[in-house]
Every structure is written in C-alpha cells, then in structure tokens.
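Below, each chain spelled out in residue letters.
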Amino acid sequence: MESWKKGSDCCSWDGVECDRETGQVIGLDLSCSWLQGAIHPNSSLFLSFPQLQKLNLAYNNFFMSRISPEFTRFTKLTHLNLSRCGFSGKVPPGVSFLNKLMSLDLSYNFDLRLEEGGFELLIQNLSKLRDLDLSVVNMSSSVVPNSLLNLTFLRTVGLGESGLHGEFPSGVFLLPHLQNLVIIFEEGLTGHIPDFINSTYTVQNLILIAQGISGVLPDSIANLKSLKQLVIRYSKFHGSIPTSLWNLPQITYVDLSYNNFSGILPSLISNLTQITSLDLSYNNFHGILPSSISNITQITYLDLSSNNFSGSLPSSISNLGNLRTLRLLDNNFTGRFLSWDVNLPKLEVLDVSNNSLTGPLPSQVVVPPNLTDLTIGRNLINGTIPSWVFELPALKYLDLSYNKLIGHTLEFQSSSLEIIDLSHNDLNGTIPNSTFELRKLTHLIVSSNSFSGTIPRSNRFSEYLNVIDLKMNNFSGTIHDSFTRRNFLTTINLYGNGFEGPITKSLINCRYLEVLDLGRNKFFDEFPHWLGNLPNLHVLILQSNKFHGSIVTSTTKFPFPMLRVLNMANNNFTGPLPIKYFKSFKAMMNVDEHFDLEYMRTGGIYYDSLTIVIKGSTIEMKKILKVFTAIDLSRNKFQGEIPEIIGGLNSIRGLNLSHNSLTGHIPKSLGNLTKLEWIDLSSNKLNGEIPRQLVNLTFLGTLNLSQNRLVGPIPRGKQFDTFSNDSYINNSALCGPPLSNACGDPKATQPPPSTFEEEDSEPVSGFGWEVILPGYGFGLVVGLVMGYLMFSFGKPQWLVKMVEGVGNRNEKRLKSNARRRGGRRN
C-alpha cells in the first residue's frame, strides 16, 4: 500500500480498481498486504464500497477470526478470494446468497468448516460460478453433491484435504466449460475416470491425488485434446498406459507416480515433443528405456525411480539438453555408469542409486556447473573418486555410499555442501580438516571405510552439523573440546575406531544430541554422569571401552529423561547398579506405542540402526523403531542386589545384566516388565528361587539364568514351557522340567554344560546382545531376521508389529521413500 497517499486519487492506487464512468471503487486487491487481526462488522470495508465487485484478501493473517456475515453486503460481488487468511469457524451461510459470484476461493484456511450438508447449501444459489476452490475447508460431514453438475459455467474445481466422502460424480467431466479439476488427498472419495465419449472436452489440467479413485486410464483419454497437465498420484490405478496418452498434442506435464501401472515405456514417448516433466516413479514398469527418449528435448524433469526398468542407461539421455532433474534410482539398471557431456549443461539433480551399475566413474567429464545433487550410492561402482567430483561448484548433496570405491579422498571445494555420504566403501587416508569446517555441512557420513587420523582440534565445526558418523574406521587420538555452544548435533557415532583418553566435556554443549555412540574404542574415563543433563539423549553406547569405577550419581534431579537405549557392556564399572538412574528413565516407562512404525532418523535421510548378537549370529536392523528400549550392563564388575525399581521400566524389550557379581534374589518386580523379550542374568551370584511372577512375561522369547546359585523348582506355564536346559545350567539346586532332576530327588543331576559359554569367554550363546547405533542404511532383511528369531525364540513382538505394518505397503516404496529427500525438485 505504499502508493496509497492521502489526498491523491484512490483510483490510482495499487490494488484499487474503479468504474471508469462513476469513479466508484469496484475492485480491491489487498492480497499479501500484511493485514492482521479480525475484520469487525463496523469496518469501513463493509461501509464504504457498496459497488464492490472484486475483493481479494488472500495471504493475510486474520488470527483465527470468523468470516464476518457482513460480507453479504457486497451484493454485486463477482470475485471473492479469502484464501490463506487464517479464518476459522463456520462459513457464513449468507455466502450462498452472493448469487453473482463467478469465483469463490476459501482454500487453505485450516480451521474453516462447512456443517453437514453445507457443501450443497453453499453452491445451491451460485449458478454463475466459474471457479470454486474449497481446499482444506473441513467438509467431513458432507458428500460431493450431484448438484455440482448444475454449475454449468464451472471452469475450475479445487477440493483438497477436506474430508469429503462418497463417490465423486464422474459426470463432472461433462461440464461444458471445465478446464481444471483438482482433487488432492481426499481419502474418503471413491470413483474412477469415465470414458471420454466425445471430442469436445475442454479439460486442460486434471489433478487427482486420492487413494479411493482407481481403475485404468481409458483409451478415450485421447479425446482430451486440450489436456496440458495430467497428475494421478497416490491412487490405485493399474494396467498399461494407453497408447493414446503419448499422442496428446499439447501435454507438457505427466505425473502418474505412486500407482500400480505396469508395462513398458514405448518408443512412442518420442511423440511428447512438448513435455517438460514426466514422473512415472513408484509403479511396476519394466523393460529397457527406448532410445527414442532422446526426442523429448524440452523435458526438464524425468523421474522413473522405483520401478523394474533394466538394461543399460541409453547414451541418448545425454541429448536431453534442458534436463535439470534425472531420477532413475531403485531399478535394475546394469552396465557402466552414465557419463554425461556438454549436452547436459543444465543438470542439477542426478540420482541413479540402488541399481547394479558397474565400472569406474569417468575420469574426465564436462561438469554441469549447476549440479547440486549427485547420488550414485548402492551400486557396484569401483575405482577411485575422480577429482571432478570434488570440484563441482554448486554441489549440496553427495552420496557415493555402498559401492566399491578405493583410494584417498580429496579436498572438497564446494562451500555449498550440506550432505556427504561416503559410507561402506574401501576408502582410506585422512579426512581433511576443511571438510569438518564446511560452513553449511549438516551430515558427514564416512562409516565402514578405512579412514585414519584424528578429528581436528577446531572450534570451526559447521554450526549446521546434525550428524557426524565415523564408525567402523581406523580413526584414533583424543576427542578435543571442539563442540561449542552453537551446535545442532543430533548424532555422534564414533563406534569401532581407536579413539582414546577421556570423553570431552564439551559434549555438554550438544543440547540437541539424541544418539551418542562411543562403543568399541579405547576411551579411559569414569562414567560421564554429566551427560544426564542432555535433555534429548535417546541412545547412549559406551560398550567395549576402558570405562571404570562406580557409577557416580548425577546431581541433576531427573538425569537422562529421554534415554531409551543404554549399553555400557564390557567395561570395568564397579559398585552397585545405578538405582537413581533407573528411577529417572522415564522414556522406558509407559511408552506410547501409537507411533510403532516411526523410525529414529535425522534429516529424513539418516536412519539409526540396531545390531543384536543372538546365539553367535549378528542380526543388523538398518532402522530402529522409536519404541525400542533396552539396557545392557553386562561384562562389568557390578556388585550388590538387582534393585526392585528395575521393575518400573515396563516398556523395555531387552535386559542384560550378565557376567557381573550381582547377589541376592531375582526381584519379583521383573514380572512387571510385560514387554520384555529377552533377559540375561547369567554368570552372577544370584540365589533364591526363580520368581513365579516371571511367567507373566508372555512376550519373553529368550531367558538365560545360567551359572548362578538359584534353587527350587523352575516355574512352568506360558513361555517358560518353551525354554531349554541352556537357560538354567550350572544352578546346582534348581529342579524340575526342562532339567532331568525332579524336585525332591537328591540323586538326580543336571546335564553337562556342553553348549554354554565359560565364565570369562566372549558370548557365544544367544543371550549376549549388543546395540550399535546409529548406522546409515535402509531396509531390513525381514526373511532372515524373522526366520531366525521365530525358529529360535518365537515371535519377538516389536519386530512382528513392524513387519506386519510395513508388509501392507510396497517394500520397495518404503526403502526408497527415505531417500527421496522430500519429493521432486525442479
């Protein structure tokens, strides 16, 4: 409104339209004007403009106020736009009496609603409507009325996330002037696309994103000769794409992703000479890519990911000189990696990950200067990383993971880099200090290589860093005081290296830290009780180091409030078990399992992982459910009794206190751990009887009480009837099944401990387990894990729930969804 000067002619102001003859204001466009607050009934807006015909208040903020019924004063109104204004409450019924309206847009007011039958009441008098957009207006109590078909002047219909239900009237396509039909995320709508029976259709943009709309695309789609944009996503369409689609003369945009389409990509694709965007991802297409794809030279976006395409990448792709985004991930492509040349000067995103591409990366290429995303992970690429990869000036995202790359890394020259993933290769050498200091870097993932050297002593770590994953390398040295107060680190994973010395107390500055994995190093320190002040720490792994001494009690009133996984196994901790910490582990109590299928991850691309050792077999879960909770304090020198308070941690799945010097009875309160699936108390000095309450642990698949001083009969019933001798051996006074000595028979003896571990040996039974978090990877070898666990121990319920939930989705889609990084980018 900068042009609105007092004393000047208002008809010259921006956003003001006047009648040329009368000089009266007939149009107000106040969109994006920073207007705030409620519009009161006595507002000059309603009193000063009796001849108003057009009113646009879109993109302002009216703070959840109601739409005033005074809008009905504008009896000559033809265009009303109140979209994205923050209005709430009911749509005033009087809007339906503005019978001159040709355009009505109430979209994206997230708390605006129509009462039952309100949709039909709203449109019953609006016979002149041409454009109607009610997206996100709550109409959950309404169905799409057939009276919509009476609006014979309709050009645009916009419905999205409104809760409408029932069958959508396919007759809408017969509206003689219909140009734009947009239905998005209306899960309650059902129906199909009808045959287009004549050639007079005017539809230009058809957008359907609704799970209940299904069927096949009819061949008669050829009659939509004006069609420019076709989007059918997240629906249940199947069958082949009709040949006629490839012959539509004006089509520029096709998105059929997330359906069940099948068949091959025909050579007729070359007919789409005007197309700029083609997305067929997440379907069941197969076969090779036709060389005729080189003829769609106007295309800027091509996504064929998550299908079953095979064969080599046609060199003709390099003729698509306008291409900005190329996604071919999650297919079965083979042969040498595509090397591009000067004909792809505009390429910004290249993703060919998760195929079977071979050979080295080309040593010399003409580098697209705008390339921001280079993703070729999970292939069979070998050789060294050529220097041009490090010289890409605009590069933001680099993923070379899960290949067979060797050699040293070079120094990155792009100051734009945000994500670097070089994990699971055979790279060596040191990581240049400058890599840690890239000012926009959020993820540094170099796990499972042969890198060496130290972490630089620097106070210049990127303030945007979320993930530092150096696990399974040969790094060494101490961790300096490099973590400043201004950091957003969520994951630090140093597992499986040679780091030593004390833990730097500068970690206390990592207030957003969720996962700290220091396992299998040479750290020499006492228990870092001050980590209990970190408010978001979910996972703490200290296993297999040289930690020592008793567990010092934190001075914090409620330490470790969010901790769900604690692994301090195989150290030299002494003294009693930490009772205060058990009391404060609130995240291990009464866990809400409503979010069973949510995984621990950072930034949408980095998944924490879990590795469990069961009976000598290492089972790795590449993702870990948020509800997973476990404690492992095994192979230390803890003494004293097992505290009753552990029974309050009623959401833990696994408990391992084996190979310590614990004494006293097994607490009856452990019977409260009703979600427990494995427990190992072996190789201690526990005495007394096995509490009968443990029979209540109906999810328990693994039990090890061996090598203690337990006495009396073994409880029977439920899961206890499934445990073998190995669960109880070397408890000389235990009796009853499954042992051969009957209770009351002093002459009977137990079978020899031929299959069980010795007191100080490494665990070879299934009752030793370790947690390794987080790892970078995707998917879960469901068959192997489920088969092994079910045959050995019965169904572990947390895994069964995950598999059953995921099983209802397409496995390939879940695997790829994590890596798409928020959808398409042009």
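Residues numbered from 1 in each chain as written. Predicted model: local features only at pLDDT ≥ 70, side-chain atom pairs only at ≥ 80, totals over all residues. Heavy atoms only, no water.

Caption draft 1: A look at the overall build of the protein. A tally of regular secondary structure across the protein gives 8 helices and 57 strands. Burial statistics for the protein: of 826 residues in total, 57% are counted as buried. In the protein, 57% of the contacts between residues at least 6 apart in sequence involve partners at least 24 apart. Accessible surface, the protein as shown: approximately 33,500 Å² in total, 50% of it carbon and sulfur. (Helix = DSSP H or I, 4+ residues; strand = E, 2+ residues; numbered from the N terminus. Buried < 20%, exposed > 50% of the residue type's maximum accessible area, 1.4 Å probe, protein only. Contact = heavy atoms within 4.5 Å. Areas by Shrake-Rupley, 256 points an atom, 1.4 Å probe, with all protein chains shown as cover.)

Caption draft 2: Fine view of the pairing of strand β18 (residues 260-264). Of the two faces of β18, the one lined by Phe261 and Gly263 is fully buried and the one lined by Asn260, Ser262 and Ile264 carries no buried residue. Two elements, strand β16 (residues 236-239) and β18, share 2 bridges in a ladder whose sense is parallel. By the bridge assignment, Gly239 is partnered in β18 with Phe261. When β18 meets strand β20 (residues 284-287), the two strands line up parallel, connected through 3 bridges. By the bridge assignment for β20, Gly263 is matched with Phe285. (Pairing = 2+ DSSP bridges.)

Caption draft 3: Representation of the pattern of salt bridges within the structure. Going through the model one piece at a time under the given rule, you end up with 9 salt bridges. One salt bridge in this structure joins Glu115 and Arg113, with 2.9 Å as the shortest N-O distance. The exposure class of Glu115 is partly exposed, given its relative accessible area of 37%. Of the charged contacts in the structure, one is a salt bridge between Arg155 and Asp131, with a shortest N-O distance of 2.7 Å. Placement of Arg155 in the loop between β8 (131-133) and β9 (156-160) and of Asp131 in strand β8 is noted, with a sequence separation of 24 residues between them. On the basis of relative accessibility, which here comes to 17%, the residue Asp131 falls in the buried class. (Salt bridge = Lys/Arg side-chain N within 4 Å of Asp/Glu carboxyl O.)

Caption draft 4: Examining the packing of aromatic side chains more closely. A full pass over the atoms with the stated rule returns 29 aromatic pairs. Pairwise contacts between aromatic rings join Phe527, Phe547, Phe560, Phe573, Tyr581, Phe582, Phe585 and Phe638 into one cluster. In this structure, Arg84 packs its charged tip against the face of Tyr108, placed 4.0 Å from the ring centre. Geometry around Tyr402 places Arg378 over its ring, the cationic atom sitting 3.9 Å from the centre. (Phe/Tyr/Trp six-rings, centres within 6.5 Å; stacked < 30°, edge-to-face > 60°. Lys NZ or Arg CZ within 6 Å of the ring centre and 35° of its normal.)

Caption draft 5: Looking closely at unusual backbone geometry. Following Pro737, the chain continues to Pro738 via a peptide bond in cis, the omega torsion being 5 degrees. The backbone of Tyr234 sits at a positive phi, close to 50 degrees, despite the residue not being glycine. Tracing the backbone through its elements, the reader meets Tyr234 in the loop between β15 (229-233) and β16. The exposure class of Tyr234 is partly exposed, given its relative accessible area of 31%. Even without a glycine there, the phi angle at Met472 is positive, about 55 degrees. With respect to the secondary-structure elements, Met472 resides in the loop between β35 (467-469) and β36 (474-477). A residue is classified by how much of its surface remains accessible, and Met472, at 41% relative accessible area, is partly exposed.

Caption draft 6: Layout of the environment of Leu206. When you line up the elements, Leu206 lands in strand β13 (residues 205-209). Setting aside residues no more than four positions away along its own chain, Leu206 makes contact with Phe173, Leu181, Ile193, Leu227, Gln229, Leu230 and Val231.

Caption draft 7: Region of the structure containing the pairing of strand β34 (residues 450-453). Note: strand β32 (residues 426-430) against β34, 3 bridges, orientation parallel. By the bridge assignment for β34, Gly429 is matched with Phe451. As paired elements, β34 and β36 share 2 bridges and run parallel to each other. Bridged to Ser452 within β36 is Asn474.

Caption draft 8: Structural context of the confidence of the model for the protein. Averaged over the protein, the pLDDT score is 85; the fraction of residues at 70 or greater is 87%. Within the model, pLDDT remains below 50 along residues 748-826, and this stretch shows 244 contacts once partners closer than five positions in the same chain are excluded. (pLDDT = per-residue confidence, 0-100.)

Caption draft 9: Broad picture of the environment of Leu670. By secondary structure assignment, the location of Leu670 is in the loop between β52 (661-664) and β53 (678-680). Note: C-alpha distance between Leu670 and Ile646 (24 residues apart in sequence) is 6.9 Å. Once residues within four sequence positions are removed from consideration, Leu670 is found in contact with Ile646, Gly647, Ile679, Leu681, Leu694 and Leu697.

Caption draft 10: A look at the side chain of Asp469. Inspection of the secondary structure assignment puts Asp469 in strand β35. The buried charged residue Asp469 lacks any salt bridge partner; its closest oppositely charged side chain belongs to Lys471, at an N-O distance of 5.2 Å. Among the polar contacts listed, one links the side chain of Asp469 to the backbone nitrogen of Lys471, at a separation of 3.2 Å. (Lys, Arg positive; Asp, Glu negative; His and termini not counted. Polar contact = N/O pair within 3.5 Å; in protein donor to acceptor, adjacent residues only side chain to side chain.)

Caption draft 11: The arrangement of the state of the cysteines in detail. Within this structure, the stated rule accounts for 2 disulfides. Shown here is the disulfide that connects Cys11 with Cys18, its sulfur atoms set 2.1 Å apart. Sign of the S-S torsion, about -95 degrees for the bond between Cys11 and Cys18, identifies this disulfide as left-handed. Under the relative-accessibility criterion, Cys11 is labelled partly exposed at 28%. In this model, Cys735 is linked to Cys743 through a disulfide, with the two sulfur atoms separated by 2.1 Å. Where Cys735 bonds to Cys743 through sulfur, the torsion about that S-S bond is close to 95 degrees, and the disulfide is right-handed. Residue classification places Cys735 among the buried residues on the basis of a relative accessible area of 10%. Judged by its relative accessible area of 42%, Cys743 falls in the partly exposed class. (Disulfide = S-S within 2.5 Å.)

Caption draft 12: Expanded view of the sheet that holds β52. If you walk across this open sheet you meet the 7 strands as β42-β44-β50-β52-β54-β56-β57, and the pairing is parallel. Strand pairing shows two members of the sheet lacking a second neighbour, β42 (548-550) and β57 (733-735), which therefore form its edges. Across the sheet, the mean angle from the axis of one strand to that of its neighbour is 20 degrees, orientation sign disregarded. In this sheet, strand β54 (residues 685-688) lies alongside β52 in parallel orientation, the contact comprising 2 bridges. From the neighbouring strand, Gly664 faces β54, where its bridge partner is Leu686. (Axes fitted to C-alpha atoms, helices over the stretch in contact; angles between N-to-C directions.)

Caption draft 13: Spotlight on the environment of Thr300. For Thr300, the position within the fold is in the loop between β20 and β21 (301-303). Taking the C-alpha atoms as reference points, Thr300 and Leu278, separated by 22 residues in sequence, lie 8.6 Å from one another. Non-local contacts of Thr300, meaning those with residues more than four positions away in its chain, are made with Thr276, Asn322, Leu323, Arg324 and Thr325.

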